[in-house]
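One-letter residues, chain by chain:
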Amino acid sequence: MQPLIDNARTFGQRPEEFAGLAEGQSPQVLFITCSDSRVVPALITGARPGELFELRTAGNIVPPYASEHPTSEACTIEYAVEVLGVRDIVVCGHSHCGAVGALVRGDDLDAVPAVRDWLAHATPRPSGTAEDPTVAEGVQSHVLTQLLRLRSYPYIDKKLTDGELALHAWFYEVHTGAVLAHDSAADAFTAL
């Protein structure tokens, strides 16, 4: 913890670098990814403060659209699209994902009921090989399912139809740093 505290103390000693951020934000991208500490969106993309609007959830799950009882995640997505006017949404899964791995393997999650209930939103269960420690196939199929889930949000569907929004599926390899993007024409994840 001490190195983090030390950095936080010196971070605020450069106010001139951040003064403009007080005027507001206008990110062009909503980046939805896992809460995993090995996935750092700004590091992966090289984004500076104010350039990415981030949503981090266990297993980068996009919950089903529900107007009666919206989730925090749905509120974040709505704000990014309707208020901030992001033009792109990236759903970025990653290798060695504990959440998707648990789903692929069918792990018993009764000891962590909140996690179990949250991961129930990941239906259908991701495909993949339980023996693969990277769970690459499972994560990639899961990311594509989350894009379909986003399309079920009425305001996203409208913006997609109007050409005002684009969706992107990415896969980040934590063990190499490589980023793959889904190519819909080839129906495969390929290097950016």
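Relevant structure appears above.
Reference entry: report on the structure contained in this document. Since the structure is predicted, the reported quantities are computational estimates derived from the model, not experimental observations.

## Points about the overall build of the protein
Link 1 in the chain: Looking only at helices and strands, the protein has eight helices and six strands in total.
Link 2 in the chain: Along the chain direction, N to C, the helices and strands of the protein fall in the order α-α-β-α-β-α-β-α-α-α-α-β-β-β.
Link 3 in the chain: Relative to the 2.2 N^0.38 estimate, which gives 16 Å for 192 residues, the radius of gyration of the protein is 18 Å and therefore close to what a compact globule would have.
Link 4 in the chain: Principal-axis analysis of the C-alpha atoms places the extent of the protein at approximately 50 × 45 × 35 Å.
Link 5 in the chain: Across the 192 residues of the protein, 40% fall into the buried class.
Link 6 in the chain: Counted over contacts in the protein with a minimum sequence separation of 6, partners at least 24 positions apart contribute 62%.
Link 7 in the chain: Accessible surface computed for the protein: about 10500 Å², of which carbon and sulfur atoms make up 54%.
Link 8 in the chain: Side chains of the protein give 13 positive and 25 negative charges; the mean places of these two sets differ by 2 Å.

## Thoughts on the packing of aromatic side chains
Ring pairs (aromatic) are described by centroid distance and by the angle formed between their planes.
Link 1 in the chain: For the structure on display, the rule yields five aromatic pairs.
Link 2 in the chain: Relative to Y79, the ring of F53 lies with its centre 6.0 Å away and its plane at 35°, an arrangement referred to as tilted. Residue F53 is found in strand β2 (residues 52-57), and its partner Y79 is found in helix α4 (residues 72-83); the two are separated by 26 residues along the sequence.
Link 3 in the chain: Members of the aromatic cluster, each reached through a chain of ring pairs, are Y65, Y153 and Y155.

## So, unusual backbone geometry
Link 1 in the chain: Backbone geometry places N60, a non-glycine residue, at a positive phi of 40°.
Link 2 in the chain: Judged by relative accessible area, N60 falls into the buried class, the value being 0%.
Link 3 in the chain: For D187, which is not glycine, the phi dihedral falls at a positive 50°.
Link 4 in the chain: With respect to the helices, strands and loops of the structure, D187 is situated in the loop between β5 (179-183) and β6 (188-191).

Rules of the game
Residues numbered from 1 in each chain as written. Predicted model: local features only at pLDDT ≥ 70, side-chain atom pairs only at ≥ 80, totals over all residues. Heavy atoms only, no water. Helix = DSSP H or I, 4+ residues; strand = E, 2+ residues; numbered from the N terminus. Rg over C-alpha atoms; globule rule 2.2 N^0.38 Å. Buried < 20%, exposed > 50% of the residue type's maximum accessible area, 1.4 Å probe, protein only. Contact = heavy atoms within 4.5 Å. Areas by Shrake-Rupley, 256 points an atom, 1.4 Å probe, with all protein chains shown as cover. Lys, Arg positive; Asp, Glu negative; His and termini not counted. Charge placed at Lys NZ, Arg CZ, Asp CG, Glu CD. Phe/Tyr/Trp six-rings, centres within 6.5 Å; stacked < 30°, edge-to-face > 60°.

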